[in-house]
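Descriptive analysis of the structure
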Amino acid sequence: MSNRTGSRRQKAAEDGERSLIGPPSGHAGESVRDQDASTTPFFVYLLAFFSALGGFLFGYDTGVVSGAMLLLKKEMHLSALWQELLVSSTVGAAALSALSGGFLNGWLGRRICILIASFIFCGGGIVMAVALSKVVLLVGRITVGLGIGIASMTVPVYIAEVSPPHLRGQLVTINSLFITGGQFIASVVDGAFSYLSHDGWRYMLGLSILPAVLQFFGFIFLPESPRWLLQKGRSQEARQVLGRIRGGQNIEEEYDTIRTSIEEEENETGSGGVVILRILSYGPTRRALIVGCGLQMFQQLSGINTVMYYSATILQMAGVREDKQAIWLAGATSATNFVFTLVGVWLVERVGRRKLTLGLLKGVVLTLLAVGFLLSAQHSPPVTLHPVDFHNSTCRLYESCEPCMLDPDCGFCYLENDAGVFNSSCVPVSPASTDSAAWGRCSNRTEESFSPYWAYNYCPTSYSWVVLLGLILYLASFAPGMGTMPWTVNSEIYPLWARSTGNACSAGVNWIFNVLVSLTFLHVAEYLTYYGAFFLYAGLVVLGLLFVLCCLPETKGLQLEEIENLFARRLCSCGDLPASDDNHVHYIRVKGNNYLHSDNDASDVE
Ligand SMILES: O[C@H]1[C@H](O)[C@@H](O)[C@H](O)[C@@H](O)[C@H]1O
């Protein structure tokens, strides 16, 4: 198929503005959509469910560690460095494996990659459940990280490739629902097993084996993506799978569209060479990659994972000092994230990706600012006792709680009654554990009611429930938009030849920024204070808002093969596109393919 047709398609895309208006009636492409919309086979939902278990494991394994850590640090005597290692090694491993997952996806296919990921999840789960030392535990955490990385880039691609266009957004967003669902279930499991102070963490970490086994056996019987099969020249199998997942509907048109687009892609961009270099040297894919990676970067820069982390601290500030109670209540924030992701699933096909992301990002900025202001208005209790510090630490210099707790070497030791905080001091933290002071009253605390409290990373205050409310509002604006759309949009914006690599890069960017933001949070707080950190995230989200406004096109309702055309124009012009709901792309049938209709010029039709 000719370069002529390809350039005609290009022309149509350049004429995008015109081609994106006016729904034609009785049109071939439209009729397929209407037909699809009327009957969606149950099998597609089954495929989405089993693949999204990968998202569940991603959420579970990243979420469960906070509760497990409270027990682990006591049982294994973990220093702050080891705690940090056990948390961030998983995210770091996920970044590496997401980046290499692109190659595996293109080579072995989506199905095998999902099987590999679930196998790795099982292995990692078993290693963690039976670990006898912290080193073995670390090996287990790195192993599940490798599984998370592969799953996070493969699952959205697989779901997007098997879904009919009218349901694609919703089904891919279900993966995000499973991610936040995994985080929520993890907090419930953490709560339930926190009563088992000896070995409770083994169940917390090991329970992930169950969904992993379910997914592994499910995927033994589930098919490969028809798009990948066709790309590998396995056309008979591709036709069979497409027939199966479309439940006996006429698949000829969809099959032709995929086949022709693969042929065209090969004509336009060639088939040899390193994929990432081909992506970067071809305008539309380069632009798609910038949009995809940008979205993932801004998702993490909006501070989601520090907010998830900070919610537990906020609870401590509000006076919840019991570990078990704090674990249960931290579940409230993950429940909010989960429930509002459900709202995203409901809205994505109704409102569209662009409008949803843009609208809710404004809410994210406002709620981050509100949390920042609320935190800045908190009163920092003064230091009233200055015990003799034989080691001459910096802690003795602080006059109030805030600078004391922001210094990683110090903590605030105090007593409290109905009138407030009294007898407070700032003392060095124990090198063995952040749970107690190096010496003095807070070095050997008991559970007795008159024993002093040790605040390592918070200051006691009576207004923090308001801050918790602010965080819940933040999650309500984050989850349906920026929480889900980067994954959904990335699964659809690349042409087939670039899809695995494009998703690998953007998922890699997500994990790299996840590590960066969570590892720097405490340092940022040290220099800017906690509220300064929230103002910083608000500023970064404003940049994200501008990025989405200028660069994110609407992909709702388009076939995967059509979306590439949206990136045929200069990068940050997508905002010019009319994104209202009643705009439809319409197609003319050219040699069995659907093309963007550029004008009514008969010369467009061969
Ligand atoms: O989309 C997910 C989701 O929002 C999670 O809650 C968050 O922990 C992840 O980092 C993010 O990628």
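Please refer to the structure placed before this passage.
Residues numbered from 1 in each chain as written. Predicted model: local features only at pLDDT ≥ 70, side-chain atom pairs only at ≥ 80, totals over all residues. Heavy atoms only, no water.

1. What about the side chain of Arg246?
- By the element assignment, Arg246 lies in the loop between α13 (235-245) and α14 (252-269).
- With relative accessibility at 2%, the residue Arg246 sits in the buried group.
- Among the polar contacts made by the side chain of Arg246, one reaches the side chain of Glu254 at a distance of 2.8 Å. (Helix = DSSP H or I, 4+ residues; strand = E, 2+ residues; numbered from the N terminus. Buried < 20%, exposed > 50% of the residue type's maximum accessible area, 1.4 Å probe, protein only. Polar contact = N/O pair within 3.5 Å; in protein donor to acceptor, adjacent residues only side chain to side chain.)

2. Considering the nonpolar core
- Judged by nonpolar contacts, the single largest core of 76 residues is most densely connected at Leu72, Phe121, Leu137, Trp201, Leu205 and Trp511.
- When residues of this core are assigned to their parent elements, the largest contribution, 12 residues, is made by helix α8 (residues 134-162).
- Counting the residues that make up this core, at least three belong to each of domain 1 (40-222) and domain 2 (278-379 + 461-570).
- What Phe121 contacts, discounting residues up to four positions off in sequence, is Gly54, Leu57, Phe58, Asp61, Val144, Gly147, Ile148, Ala151 and Ala212.
- Grouped together as the second largest cluster of nonpolar side chains are 65 residues, Tyr282, Val467, Ala533 and Leu558 included. (Core = buried A, V, L, I, M, F, W, Y, C linked by side-chain atoms within 4.5 Å. Domains from an automatic or database assignment. Contact = heavy atoms within 4.5 Å.)

3. Structural notes on the site of the ligand
- Close to the ligand lie Thr180, Gln183, Gln299, Gln300, Asn305, Asn337, Phe478, Gly483, Trp487, Asn510 and Asn514.
- Between the ligand and Trp487, the relevant distance is 3.0 Å, taken from an oxygen atom to a side-chain nitrogen or oxygen of the residue.
- Computed on the free molecule, the ligand has an accessible area of 300 Å², of which 98% lies beneath the protein chains in the complex.
- Elements supplying a minimum of two residues to the shell around the ligand: α9 (165-193), α16 (283-301) and α23 (496-551). (Near = heavy atom within 4 Å. Areas by Shrake-Rupley, 256 points an atom, 1.4 Å probe, with all protein chains shown as cover.)

4. Overview of the state of the cysteines
- Within the structure shown, the criterion is met by four disulfides.
- Two residues share a disulfide in this structure: Cys395 and Cys410, whose sulfurs sit 2.1 Å from each other. Between Cys395 and Cys410, the disulfide has an S-S torsion of -90° and is therefore left-handed. With Cys395 in the loop between α19 (353-376) and α20 (401-406) and Cys410 in strand β1 (residues 410-417), the pair connects residues that are 15 residues apart, well separated along the chain. (Disulfide = S-S within 2.5 Å.)

5. Considering the packing of α19 against α23
- Across the interface, α19 lies against α23 with an axial gap of 8 Å and an inter-helix angle of 165°. Overall, the two elements α19 and α23 adopt an arrangement that is roughly antiparallel. The way α19 lies across α23 gives a crossing that is left-handed.
- Grouping the constituent residues of the contact of α19 with α23 by class yields 20 nonpolar, four polar and two charged. (Axes fitted to C-alpha atoms, helices over the stretch in contact; angles between N-to-C directions. Parallel < 35°, antiparallel > 145°, perpendicular 65-115°, else oblique. Left-handed = near helix turned anticlockwise from the far one by under 90°. Nonpolar A, V, L, I, M, F, W, Y, C, P; charged D, E, K, R; others polar.)

So, to be careful, I would describe these as geometric facts and stop short of saying anything about function.
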